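Listed below, chain by chain, are the residues.
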Amino acid sequence: MKLANSQQRLDIKIILSFIMIPYIFLTPFGGNFTAYDLILIMLGLHIFIYRKNYYISTYNIKFYLPAYLFLIIAFIPLISTTHKISYLKTLAQYTFIFFLMFPIILEVLDVRIYKIAIKNMCRIWSIFLIYNILMINNDAMYIARRFAGFYSNPGTFGLMISIIVPFLLENVFLEEVKLFKILSFTGIISSAILLLASGSRAGIVGLSVGLFFYLILKYRVSFTFIKKCLWILLATLPVIVIFKDKFERSGLVRLLTIENIPGRIRDYLLALEIIKDKFFIGTGLHNSSEALASIGGMYRPHNLFLAYFTETGIIGLLLISFIIINCVFGFIRLLIWNKTYPHKLEGFESSTISAAIILFVAQQFSTPTIHRGFWIFWALSFWLVNEKIINLKLYYGDDK
């Protein structure tokens, strides 16, 4: 009975933490520590207290080993940097992500609980989006003429909207209660409007690519695939036509213009200059902004790989690239498996992989995130692919 109660408490904490994922960027009282982080710490303590045996699978070692090496490499520039406190905070965030959040997902999460969590996340997120729609004409909700809603940054809001859309879409198909089905559909329409209002070009590009992968992974190339594409297009096209010019710095308008592009290209070239001198160790995590500013640049490079190359050198770049690519494109292993053992990806699996792809694509056009609120989608994709492969091996037999 004690073990059963312990598992029940663990399940509740996991569900609560996943429901809160989209809201960890809401920090009305300042600071960067949220209730989501507190729940993760509680989960970690729960596992430490109640778990008797600890076992790391071969699949997960592919994450833990490069993550450990990356932190060692990333620590080296700390010796010479003058921003030691800021640098330590950044290292602490990566440590939190790699050695608390990832282990909780990889070693504890199960599919049953995950399905419950994302269904409830979609319901609450839809209500939150509708509430933001009611504020769309409130000037106080705009930052630099871009709608941020209750977030502190319109880019963050826009990217989070894009990431959650595949889950909302899947929820429309899965919800059995008509009211919740309508709620999720309304959430999708609200997402389209708010994404335009946020002015997030990276979010729009990422979502476009991610939705394609969601549909192709779920339906393959089939009549159903074409039908679903048309359904999404017909549902959102009127919204795009009506609202594309309503917002001064609409995401679609910004996407079709060269706003900020020359400055970013200049920063890319300056980053390459820095790399020549910092080829092996880099400038230090999250420290490229200061390095670029010292030679006339403006921002941290708006590209995932270039930013990590600048900040951690070639070794750090190779390690973090291995981690991220494994998280995002692990589904290719499933496609290879499918040639020998035909299987079908469920909708929630396709939406999770799609969310990871959306984040990856967006990070090619924006400054790389070190926030666990985004990294969790890469962790979920990595976990889900490994779970699927393990289950397929059990189903077909290890000897095959």
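Let me begin by describing the structure that accompanies this report. (Residues numbered from 1 in each chain as written. Predicted model: local features only at pLDDT ≥ 70, side-chain atom pairs only at ≥ 80, totals over all residues. Heavy atoms only, no water.)

1. Focus: the pattern of salt bridges
- Under the counting rule described, the total for this entry stands at seven salt bridges.
- For Arg145, the salt bridge identified is with Glu248, shortest N-O distance 2.9 Å. Here Glu248 lies in the loop between helix H9 (223-243) and helix H10 (251-255) and Arg145 lies in the loop between strand E1 (142-143) and strand E2 (146-147), a separation of 103 residues in the sequence.
- Owing to a relative accessible area of 60%, Glu248 belongs among the exposed residues under this scheme. (Salt bridge = Lys/Arg side-chain N within 4 Å of Asp/Glu carboxyl O. Helix = DSSP H or I, 4+ residues; strand = E, 2+ residues; numbered from the N terminus. Buried < 20%, exposed > 50% of the residue type's maximum accessible area, 1.4 Å probe, protein only.)

2. Brief notes about the packing of aromatic side chains
- In total, this model carries 37 aromatic pairs according to the counting rule given.
- Taken together, a centroid distance of 6.2 Å and an interplanar angle of 80° make the contact between Phe70 and Tyr308 edge-to-face. Taken together, the residues span a long stretch of sequence, with Phe70 in helix H3 (residues 58-75) and Tyr308 in helix H13 (residues 304-329) at a distance of 238 residues. Just as Phe70 is buried, Tyr308 falls in that class too.
- Judged by centre distance (5.3 Å) and plane angle (35°), the rings of Trp125 and Phe128 are tilted. Residue Trp125 and its partner Phe128 are both found in helix H5 (residues 111-133); the two are separated by three residues, about one turn of the helix.
- Taken together, the ring pairs in this structure connect Tyr23, Phe25, Trp125, Phe128, Tyr131, Tyr142, Phe147, Phe150, Tyr151, Phe157 and Phe374 into an aromatic cluster. (Phe/Tyr/Trp six-rings, centres within 6.5 Å; stacked < 30°, edge-to-face > 60°.)

3. Comments concerning the side chain of Asp37
- The residue Asp37 is located in helix H2 (residues 35-50) in this model.
- Excluding residues that lie within four positions of it along the chain, Asp37 makes contacts with Asn32, Phe96 and Arg372. (Contact = heavy atoms within 4.5 Å.)

4. Structural notes on the packing of helix H11 (residues 261-277) against H13
- Contact geometry of H11 with H13 gives a least axis separation of 9 Å together with a crossing angle of 30°. Taken together, the axes of H11 and H13 lie roughly parallel to each other. Crossing geometry of H11 relative to H13 is assigned as left-handed. Packed against H11, whose contacting residues are Tyr268, Ala271, Leu272, Ile274 and Ile275, the element H13 presents Leu306, Phe309 and Thr310 at the interface. (Axes fitted to C-alpha atoms, helices over the stretch in contact; angles between N-to-C directions. Parallel < 35°, antiparallel > 145°, perpendicular 65-115°, else oblique. Left-handed = near helix turned anticlockwise from the far one by under 90°.)

5. Describing a nonpolar patch on the surface
- Taken together, the side chains of Phe33, Leu38, Ile41, Met42, Leu45, Phe48 and Ile49 present a nonpolar region at the surface, about 720 Å² in accessible area.
- Residue position: Ile49 is located in helix H2.
- You can call Ile49 exposed: its relative accessible area is 55%. (Patch = residues over 30% accessible without salt bridge, like charges linked within 9 Å, V, L, I, M, F, W, Y side chains within 5 Å. Areas by Shrake-Rupley, 256 points an atom, 1.4 Å probe, with all protein chains shown as cover.)

6. Comments concerning the layout of surface pockets
- Estimates place the volume of the largest pocket at around 1,300 Å³.
- Forming the boundary of the largest pocket are 49 residues, of which Asn153, Gly155, Thr156, Ser366 and Thr367 lie nearest the centre.
- Going through the elements one at a time, helix H4 (84-108), helix H6 (154-174), helix H8 (201-219), H10 and H11 are the ones with two or more residues in the lining of the largest pocket.
- If one sorts the elements of the lining of the largest pocket by residue count, H11 sits on top with five residues.
- Looking at the lining of the largest pocket residue by residue, the classes come out as 20 nonpolar, 23 polar and six charged.
- In this structure, the second largest pocket occupies an estimated 600 Å³ of space.
- Contributing to the lining of the second largest pocket are 23 residues, with Leu207, Ser208, Leu211, Thr236 and Ile240 lying nearest its centre.
- Among the secondary structure elements, those contributing two or more residues to the lining of the second largest pocket are H6, helix H7 (178-198), H8 and H9.
- Among the elements that line the lining of the second largest pocket, the one with the most residues is H9, at eight residues.
- Along the lines of polarity and charge, the residues of the lining of the second largest pocket split into 20 nonpolar, three polar and no charged. (1 Å grid on protein atoms, 1.4 Å probe; cavity = no way out; pocket = protein on both sides within 12 Å on 5 of 7 lines; lining within 4 Å. Points joined across faces, edges and corners; volume = space filled by probe spheres on them. Nonpolar A, V, L, I, M, F, W, Y, C, P; charged D, E, K, R; others polar.)

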